[in-house]
Structures are given as C-alpha cells and as structure tokens.
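# Examination of the molecular architecture
Residues per chain, in single letters:
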Amino acid sequence: MANRLKKKTPPPPNPDELKPEKEAQVTVTEVVKDERTQKIAGAVSLLFSIFLFIAFASYLFTWKQDQDKVFQFGIKIFSTDDVQVRNLLGVLGAYVSHIFIYKGFGVASFLFCTVFFVLGVNLLVGKKVFSLVRNIKYLIIGLLVLSVAFAFFTGRLEFPFGGAVGEMMNAWLIKWIGRVGTGFVLGLAAVSYFIWRFNPTIKWPERTVKPAVAEDAVGEEVPPVIEKKRRRGKEEIVAAEPEEEMVPLEKAEKGFGSNNKLKKDGKGVVVIMPKDDEEVADPMTEFDVIERDEPRVEINDLYKNGIPEDEDEDVVEEEVEEEWQEDEFPLELKETAEDEESEEESLPVTRPERDPLKIKFNDKIDMELEIQETKDNHLNETAEEDGKPAARKGSLETLYEPTLELSDYQLPSLELLETHGSEKIVHDPAELEANKNQIIATLKNYDIAIQRIAATVGPTVTLYEIVPAPGVRISRIKNLEDDIALSLAALGIRIIAPIPGKGTIGIEVPNVRKTVVSMKTLLASDKFQSNAFSLPIAIGKKIDNENFIVDLASMPHLLMAGATGQGKSVGINTLLVSLLYKKHPSQLKFVLVDPKKVELSLYRTIENHFLAKLPGEEEAIITDTKKVINTLNALCIEMDNRYDLLKEAGCRNIKEYNEKFTKRKLNPQRGHQYLPFIVLVVDEFADLIMTAGKEVEMPIARLAQLARAVGIHLIIATQRPSVNIITGTIKANFPARIAFKVSSKIDSRTILDAGGAEQLIGKGDMLISYNGEITRLQCAFVDTPEVEHICEFIGDQQGYPQAFLLPEYVDEKEAGDRELDLGDRDPLFEDAAKLIVANQMGSTSLIQRRMKLGYNRAGRLMDQLEAAGIVGPNLGSKAREVLVKTDSELMEILDMMA
Ligand SMILES: Nc1ncnc2c1ncn2[C@@H]1O[C@H](COP(=O)(O)OP(=O)(O)OP(=O)(O)O)[C@@H](O)[C@H]1O
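Residues numbered from 1 in each chain as written. Predicted model: local features only at pLDDT ≥ 70, side-chain atom pairs only at ≥ 80, totals over all residues. Heavy atoms only, no water.

## Describing the overall build of the protein
Spelled out, the test is: For helices the rule is a DSSP run of H or I covering at least 4 residues; for strands it is a run of E covering at least 2, with both sets numbered from the N terminus onward. When accessible area is computed with a 1.4 Å probe and restricted to protein chains, residues below 20% of their type maximum are described as buried, those above 50% as exposed, and intermediate ones as partly exposed. Two residues form a contact once any of their heavy atoms are found within 4.5 Å. Here, Shrake-Rupley sampling with a 1.4 Å probe gives the accessible areas, and only protein chains in the shown set may cover a residue.
Along its length, the protein carries 37 helices and 20 strands. When the 898 residues of the protein are sorted by exposure, 48% land in the buried category. A separation threshold of at least 6 residues defines the contact pool for the protein, and within that pool the share at least 24 residues apart is 66%. For the protein, the accessible surface area stands at approximately 46400 Å², while carbon and sulfur atoms represent 54% of it.

## Focus on the site of the ligand
The condition is simple: Any residue with a heavy atom lying within 4 Å of a molecule or strand is counted as near it. By the criterion applied in these results, polar contacts are pairs of N or O atoms within 3.5 Å in which, for protein atoms, one can donate a hydrogen and the other can accept it, and in which residues neighboring in sequence qualify only through two side-chain atoms. Nonpolar residues are Ala, Val, Leu, Ile, Met, Phe, Trp, Tyr, Cys and Pro. Charged residues are Asp, Glu, Lys and Arg, and all others, Gly as well, are polar.
What surrounds the ligand is a group of 17 residues, the closest being Thr564, Gly565, Lys568, Ser569 and Cys779. Within the side chain of threonine 564, one N or O atom sits 2.4 Å away from an oxygen atom of the ligand. Contacts to the ligand include glutamate 599, whose side-chain N or O atom sits 3.3 Å from an oxygen atom. The protein chains hide 75% of the 620 Å² of surface that the ligand would expose on its own. At three residues, the largest contribution of residues to the shell around the ligand is made by helix α24 (residues 568-580). A breakdown of the residues in the shell around the ligand according to their chemical character gives five nonpolar, eight polar and four charged.

## Here we look at the packing of helix α19 (residues 429-445) against helix α21 (residues 481-488)
Keep this limit in mind: To get an axis, fit a line to the C-alpha atoms, keeping to the stretch in contact for a helix; angles then go from 0 to 180 degrees between the N-to-C directions. In this scheme, roughly parallel covers angles under 35 degrees and roughly antiparallel covers those over 145, while 65 to 115 is roughly perpendicular and the rest are oblique. Two helices cross in a left-handed way if the nearer one is turned anticlockwise from the farther one by less than a right angle. They cross in a right-handed way if the turn is clockwise.
Between α19 and α21, the least distance of the axes is 10 Å, while the angle of their chain directions is 135°. Judged by the inter-axis angle, α19 sits oblique to α21. Of the two possible hands of crossing, α19 and α21 adopt the one that is right-handed. Between α19 and α21, the contacting residues are Asn435, Gln438, Ile439, Thr442 and Leu443 on the first element and Asp483, Ile484, Ser487 and Leu488 on the second. Split into classes, the residues belonging to the contact of α19 with α21 amount to four nonpolar, four polar and one charged.

## Some words on the packing of aromatic side chains
Definition in use: Note on aromatic pairs: the rings of Phe, Tyr and Trp (six-membered ring only in Trp) are paired at centre separations within 6.5 Å, and the planes decide the class, stacked below 30 degrees, edge-to-face beyond 60, tilted for the rest. The rule is short: NZ of Lys or CZ of Arg within 6 Å of the ring centre and within 35 degrees of the ring normal puts a charge over the ring.
Taken as a whole and assessed by the stated rule, the structure comprises 19 aromatic pairs. With 4.9 Å between their ring centres and 70° between their planes, phenylalanine 100 and phenylalanine 112 make a pair best called edge-to-face. Separated by 12 residues along the polypeptide, phenylalanine 100 in helix α4 (residues 90-105) and phenylalanine 112 in helix α5 (residues 110-125) bring together distant segments of the chain. One aromatic cluster is present, built from ring pairs that chain together Phe53, Phe56, Phe100, Phe105, Phe110 and Phe112. Positioned over the ring face of phenylalanine 528 is lysine 582, at 5.1 Å from the centre of the ring.

## Regarding the pattern of salt bridges
Put simply, the rule reads: Any Lys or Arg side-chain nitrogen found within 4 Å of a carboxyl oxygen on Asp or Glu counts as a salt bridge.
Inspection of the entire model under this criterion finds 20 salt bridges. Glutamate 35 serves as the salt-bridge partner of lysine 39, at 3.1 Å between the closest nitrogen and oxygen. Here glutamate 35 and lysine 39 lie together in helix α3 (residues 35-73), a separation of four residues that amounts to about one turn. Owing to a relative accessible area of 37%, lysine 39 belongs among the partly exposed residues under this scheme. Given a relative accessible area of 55%, glutamate 35 falls into the exposed group. Here glutamate 866 ties to arginine 880 by a salt bridge, and the two come within 2.7 Å at their closest N and O atoms. Pair noted here: glutamate 866 is in helix α36 (residues 855-867) and arginine 880 is in the loop between α36 and α37 (887-897), with a separation of 14 residues, a long-range link. Using a relative accessible area of 31% as the deciding quantity, one classes glutamate 866 as partly exposed. Through salt bridges with shared partners, one network takes in Arg494, Glu508, Asp765 and Arg776.

## Looking at the pairing of strand β6 (residues 450-457)
Side chains on a regular strand alternate between the two faces of the sheet. Convention followed: Two strands are said to pair when DSSP picks up at least two bridges between them.
Within β6, six of the eight residues are buried, which leaves the element mostly enclosed by the surrounding structure. Direction of pairing for β6 relative to strand β7 (residues 461-468): antiparallel, over a ladder of seven bridges. Of the residues in β7, the one forming a bridge with isoleucine 450 is proline 468. Once β6 ends, the chain turns through three residues before running back antiparallel as β7.

## As for the environment of serine 601
Its place among the elements puts serine 601 in the loop between β13 (588-593) and α25 (607-610). For the pair formed by serine 601 and alanine 620, sequence separation is 19 residues and the distance between their alpha carbons is 9.6 Å. If we ignore the near neighbours within four places in the chain, the residues touching serine 601 are Asp594 and Ile621. Only 3.1 Å separates the side chain of serine 601 from the backbone oxygen of valine 598, close enough to count as a polar contact.

## Brief notes about the UniProt feature "binding site: ATP" (unreviewed entry) in the protein
We apply this condition: UniProt positions are given in the numbering used here, feature names are shortened, and annotations may be inferred rather than shown by experiment.
UniProt marks Gly562, Ala563, Thr564, Gly565, Gln566, Gly567, Lys568 and Ser569 with the feature "binding site: ATP" (unreviewed entry), using the numbering shown here. Residue placement: glycine 562 occurs in the loop between β12 (558-561) and α24. Residue glycine 562 is classed as buried on the basis of its relative accessible area of 0%. Not counting residues within four places of it along the chain, the set of residues in contact with glycine 562 comprises Lys568, Thr718, Gln719, Phe740, Lys741 and Val742. Note that glycine 565 resides in the loop between β12 and α24. Taking relative accessible area as the criterion, glycine 565 reaches 68% and is therefore assigned exposed.

## So, the sheet that holds strand β15 (residues 677-682)
The mixed open sheet is built from nine strands, whose spatial order is β11-β10-β19-β18-β17-β12-β16-β15-β13. Lying at the two open borders of the sheet, with one neighbouring strand each, are β11 (547-551) and β13. Neighbour-to-neighbour, the strand axes of this sheet turn through a mean angle of 25°, independent of strand direction. Across the sheet, helix α31 (residues 745-752) lies against β12, β17 (736-739), β18 (765-770) and β19 (773-779), angled at about 160° from β17, the strand it touches most.

## Quick notes on unusual backbone geometry
The amide bond that connects methionine 555 to the next residue, proline 556, takes the cis arrangement and shows omega of -10°. The residue aspartate 753 is not glycine, and still its phi comes out positive at about 60°. For aspartate 753, the location among the structural elements is in the loop between α31 and β18.

## Describing helix α32 (residues 784-795)
Counted only if it meets this: Any helix carries an expected span of 1.5 Å times its number of residues minus one. As used here, the arc is the angular range of directions from the helix axis to the C-beta atoms.
Relative to the 16 Å expected for 12 residues at 1.5 Å per residue, α32 spans 16 Å between its end C-alpha atoms, a close match to the ideal helical length. Of the positions making up α32, those classed as buried are Glu786, Val787, Ile790, Cys791, Phe793 and Ile794. Seen from one end, α32 has its buried residues packed into an arc of 160°, which puts them on one side.

## Re the nonpolar core
Under the convention used in this document: Residues belong to a common nonpolar core when they are buried Ala, Val, Leu, Ile, Met, Phe, Trp, Tyr or Cys residues joined through side-chain atoms within 4.5 Å.
If you look at the biggest cluster of nonpolar residues, it comprises 117 residues, and the most contacted ones within it are Ile539, Met555, Leu558, Phe590, Tyr603, Leu680 and Ile700. If you look at the next biggest cluster of nonpolar residues, it comprises 24 residues, including Leu443, Ile450, Ile495 and Ala497.

## Let's talk about the packing of α3 against α5
Contact geometry of α3 with α5 gives a least axis separation of 7 Å together with a crossing angle of 160°. Judged by the inter-axis angle, α3 sits roughly antiparallel to α5. For α3 against α5, the interelement crossing comes out left-handed. Tallied by class, the residues present in the contact of α3 with α5 amount to 18 nonpolar, five polar and one charged.

## Some words on the environment of glutamate 431
In this fold, glutamate 431 is placed in helix α19. Glutamate 431 sits 80 residues away from asparagine 511 along the chain, and the two C-alpha atoms are 8.3 Å apart.

## So, the pairing of β7
Across the eight residues of β7, eight count as buried, placing the element largely inside the fold. Both faces of β7 are covered, namely the face carrying Val461, Leu463, Glu465 and Val467 and the face carrying Thr462, Tyr464, Ile466 and Pro468. In this structure, β7 lies alongside strand β9 (residues 505-510), joined through six bridges in antiparallel fashion. Opposite tyrosine 464, over in β9, you have isoleucine 507 as the bridge partner.

Following this line, the structure appears as structure tokens:
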C-alpha cells in the first residue's frame, strides 16, 4: 500500500528542465462565441445599417445622375477610373443602392437598415434589446407588400419606388386578378395590418335605453348615448374616452421612441405610456413621467440657469444636475411618477346611476315571480338558503359566469371619491437647499466626505441620496443617524445605509408641507385599472411617487400595526375600498371583525353583497369575542372543505379550481361550486388576544399557514405591536407587514424586524415590509363619508338574499351539553327521515343531493335525525349507521313525535 502511494506521487519538477508553457489552443467556435467577436460583429452590422441608410437616402436625390454610370459599367465601375458619381458614399454607395432599390425592392429596401441596426445593437449590447425574429418577419412581409404597393401606385413615375421586384410582382398580380383585384388585395393587406397592430374595438350599435324610463328614474335628462356608456362600467369607459385626450406629441415622441404614447393634460403634465404589453407588465417601468408643473419650474429656475423649456420636454428620466456655483455639491432633484394625477384628471368619471338599476331590479323580481312554478325554483331556494350562488342554469356548452346572478351589478364609480387637497407635490427650493447644506455640514463635522447628493421629493418626505467619497465607511454614517436628525431638527428622519441595490445612502427628511395622497388618484391609475391581480390593493405612493399597488392574493396575508391615531383605520378602509372597486360580489366576501364596534360598521350596508357570516347570526360584522372564535373556526372548516373540493377536483389552488368550474368540468351535484375569495379583516387583534388568547391565535395561525391556496386571506391590524400580541407563530405566517408610526424602536422591531417605524411622522406615513424589502409609503387617504357613499352605492343595488354563509361551527363543549330541540324540527325532517331509512345510508351528502339542500341545512337535518334516534352518531368520513330498519318502524317514531 505504501509503495503504491509512493508511485502515484509525481516527483517534484526540476526547475532547470521546466519548459515555457504552451499557449492554450483556441477553437473557431470559441472565437465566434467570444464576447469581443460578437461586439465587433455588432459594430460592423450597426455601421453597415448606417452605411445603407446614407447610401439609400442619397440615392433618392442622385439616382438620375448615377444610374447611367452604373448601367454603363456594371460591376466594372469599381475598377474603372474617371467615373464620377454623386452618391454621398461614392461608387460603392451608388452601386449598392442601385442593386437594392432599382433592381430590388424600391424604397422598401430601407427596411434592411432596420434589421442590420437591430442585429448590431443586440450584438453590441450582448442581450436581446430588440426582437430580431420579429424584425425579420416585418422585413419579409414589408418588402413584399410595400414594393408591390409602391409599384402599383407609383408605376407611372420615373423613380423606381417599387423596384424591379415590386414591378414584376405587380405585373403578375395585374395579369392574374386585374388592376381592381390588385388594389383590393393591397387594401386588404393594409386593413389586416391595421387590425393586427391596433386591434380596434368594432361594436355593433346597441339599442339605447328608453329615454322615458331613464328620465323618470333619474329625474334628469340623460342623453341615451351617455346613459349607455355609464351602464358599461369603468373599463369600457376608460377605453373609449382617452382617444380624444390622448395627444400624441410628435416632437416628444421622437425623443422617446415610437413605442411610446405621450399624454398631456391641461396642466402641462406629460405622461409617457408604453404601448407594448411587455412594457406594461413591468410595474417598475410602467410610466416614465416628466412633471411640468409650477414647483418644478421654480426648481429649474433656481438650479438651472436658462434651460429652454421645450428642449426639456424630451428628457425621459428627470435628473437635474445644476451648476452649483457657491457650493461644492450640487443637489440633483429627482422626480418621478407624478403620473396618476394626470391619469386621474383625464379619466372619465361615471356618476352613480341608481335609479335605472332599481328598474332592472324590479324587472328581475317580475321575472322570478313568473318562474315561481318551475322545477329549478327549488334549487334556487336552497341556494338562497345557504347564501351561496346556486349552480347556474343554462347550457353546459357555455362557460359558467359567476357574475350572472347579479349581472346588473355595477362597480362603484370614481366620482364617489374625493380629491383631497391639491394633490400636487409641493417643493420648496429653499427647504431643499437648507436641508442639503445641513446634511453636508453635519457630515463634514464628522469628517465624512461625500461625492454627490440628490433629492427625490415625495408626498410626505424627501429622500436625499448621498454617494460617500471613496473609503468612507457606511457604518459611520449609520451611527450618526441621531446626530444628523438632531442637526436637521426634524422629526421622522430615517437613514437607509445603504439603499438596497443602489450603493447610495438615503436620508429621508419630512417635508414641511405634506401632500395627501387621495384614494381616487390611485384607483384612477392605469396600474390599478388594468392589472390582472386576483385581489388588487392600492396602498399608497412611494417616495418617488410611484403607486404601490399589489396583489393581496400573493402577499398572501397582511399584518398592520401602529400606535393609535396613526392611520390604521384609514389604511384598512383603503384596502377594502380597493377591493370593492375591482371585484364583483360573486368573487369576493369579507369577514369583518371589529372589536372596537365602530370602525367597520360602515360596511353593514353591503352585507348581502360582500359580507360573510355564521348561519343564524343577525349581524355580519362581528364585535363579540366569543363569536370571533366561532367565526375563525368556521373559516378553518371552510378552508378544510375547500381543500376537499380542490382535492377531488385535482386542482392545486382556487384559481385552477374556479377555472375548471367555469369550464363546467366540475359537477355542482357533487358539492362543487364557484369559490369566492374570502378576506378576513380584524381591526383590533390585540383586544382579541387579550380576551381569548390561544383560542384566537391558533385558528389565525392555521388560516395564515394554509388558507392561501384556497383563497382565504387575512388582514390583521393592531395598535399594540408587542411580542405577546404579535407572537412568533403569527409573525412567521405574515410575511407582508405594515408599520405605521409606533412609539418605540422595540415595537418597530417586533413588526418589521427592523427599526424605523418609530421615526415615521404619522397620518398614514408607513413602512411596508414586503418581498424582503422595506419601503416607505404614504398611505392613500379615503375619508369616512367616501366609504359611506361607496357602501350606499353598492347597498342600493340588488344583492343576494342574504350574506354568504360560513359553515356552522359548534363548540364541542357546548355541543355535548346541548339537547336538540325536536319540537322545532325542520319542515323537511320527515322527508329526510324517509329518504335515509329507504336508502339505509346515514349520509349528509345524500340528503344534500337528493333533496337539493345546502350543506348546512342537510347537516342540521342529520343532527335532528340523530336526536330522534333514527341515525347513529357521526362516524367522521363514514356514513352514520341507520338505526331504524323499516318504514313501519319509522312511521311509529314519526307518529310518536307528532
Ligand atoms: N393616509 C392618510 N393621509 C392623511 N391623513 C391621514 C391618513 N391616515 C390617517 N390620517 C389622519 O389621521 C387620523 C387618524 O387616523 P386613523 O383613524 O386611521 O388612526 P388609527 O390608527 O386607526 O387610530 P385608532 O387606532 O385610534 O383607531 C385621521 O382622522 C386622519 O386625519
């Protein structure tokens, strides 16, 4: 063994014998793949595209002079001396243009420039900036269609607009289908392109609503066309109106590239809205906005000497570097996303339209009365009993439409909301300058040198971003947090060192004049209107004025904490209102828990539309702790039931399940039904924990752990963010957390696992910890009267017969004591007993199916049958034993009970 080991060890090399290292062999593929080769190829391609462009453009003016020479010498033009051409790119330019334009595809040859340009840019940058495949497709189709079209329309002109190829194809077409046919084919191509590119909405004019009815109902004259528009709901109105408002600014468009649409409102706000879907999909780049309102001009005037206004309009990202004469450090003022303001102003607002709805509602009642005698009526009745949407009638070939039952339901209009304050971010140049100087001076006192300082003005705070000089330790600045706060003599200073992903240090300083962020602005924004989130919630605005709109379904639960009076209740209203503005009553239900009794009582009016409650309860908004425990447990049962349904349907989450149900792949007779999202809102969690402790904590933790996939989401708020309220179990299951201002750093740590919330300034100023990042937001403001109007608007519309019923939860201890009152039997008791005895199977689902009853009622019947001694006790998943074997035996029991 030792010998073998010895053999394997190579002898140490003799330094004298060492040969120079061989150069590593490089294969051709490696050279081709090398980054540098690609960059060179990119540069060549880019230059070639520029070359072609100049040559072609020059050809347009010099073709007459150069054509003879190219014809005369052909390829020999390169070797012949004394040939003078006029093309800007000489003989080569003249020859290449002649080949492409005269002998090829005419002016459509310019498309070649685009392809080489795209190829060049992609290779040079090393990533797919533009789609090459798409451009090649455009090239091929463009060459064919444009060359023929040019040849067709300009055939009599001297210049070869269609090129030889275009003329040849044009001649063929004319021969085969005649001039008219060719014109028709070209027209068809143009129309197809237009439809493909812009997908215009083509609508058949609909019948207008009878003016007499509308007038009667509304009490004012409503032109029929407007009436129709109002009835369509927000989305269509949004789509229809902006056509007039959207002003494509040619000049600015050049600056931003043709992919952008620019929108300008009366106040000079220019919003660049990307056309492409992919661009819209990226929330961070959804809008690039240049604000041109007054404060902006002031700042420009102060910091930038004489920048021409119109020149400025072509700037995509506003970053002003002024020539700071007196100071070493110029202050860059960064402003972004004042977008939704213009959005909101240009967005048409619909008036609540109640009376026509009432008419509809009455129509519906009449209809229902007419069909009272039909068979399906029983099904309806049972569904109403459960408060759950009944299995829809109608053809099995069509998709199930959950909103059909309340098909006249209208989403609230934006007019119900108010604009609070001016909504304009107010910049005070003097304030900015003073803060900047103060920050620099403070840092200087501690020998901290900085390279650059920039400011972003938000609704409540301004973020000063500092780039420290090389060698300065970030921890030193972090440690000076309190000193800087002291020297700026302002509350609410927060230092972020470093700003994640930026390499700068942020100092947030509260603005002297703060701006209220109106809910209306957020809801009017394109990001809210056109997102595809399951449960979109508009929370507020970031410092850079970008709207913070997220999907509650992906959060998946939210914990909110903050000292009293700092904006929690407004925050909860904001979330609820966002959902009410986007969801139909069939898609969403709220379980509202309000131990304070007054905070959520406004929502009482929407009980039959959006609220869920326990069977037999009077009030849908739960204020009593005991009832909260039952409701939470009922939610756990609902969760388990939903999981059973999902399992049977072979789906992993509510989305898949609902999709399958909509496609009618799930049988309602087997208990399947369209599942609405359920959002549980608890306004004062601390109070519940104090009074019920584990009894509340456990079901909450269970729901938080498991309920996401079945569409149950929790929003829990507390004003006492201490560790005994927000326990480890709760915290671990709430990855998204919001902190309003709290009283101590410890509280901040309890909520966010980081300090900072104690530095906030209140009134909706908040930190949200989401996706591992902590972001400072100004919460949107929605006032109580606004919420009231929204709830009234919804409440006035036709709703379900009652609130959505949660499964019944019976406390085991109570159930043991409770004797079923057989004097108060269900009217269907006899039928159910006969059914069970005839089938000799004690199954609740049998009663449900055969008697077309909801789960709760069937369950109650089964309990009564047990109390009457007809079936045995519950055996879990197995059917109960039937104790009565014959009909005569059953008749005896029934007679006795009668
Ligand atoms: N986003 C906001 N923008 C502007 N002002 C706000 C905002 N949120 C709250 N405020 C102001 O703060 C006040 C208190 O807010 P709110 O009632 O939501 O506090 P709270 O935390 O729920 O208090 P409590 O716990 O005592 O109920 C509001 O009346 C309002 O004036």
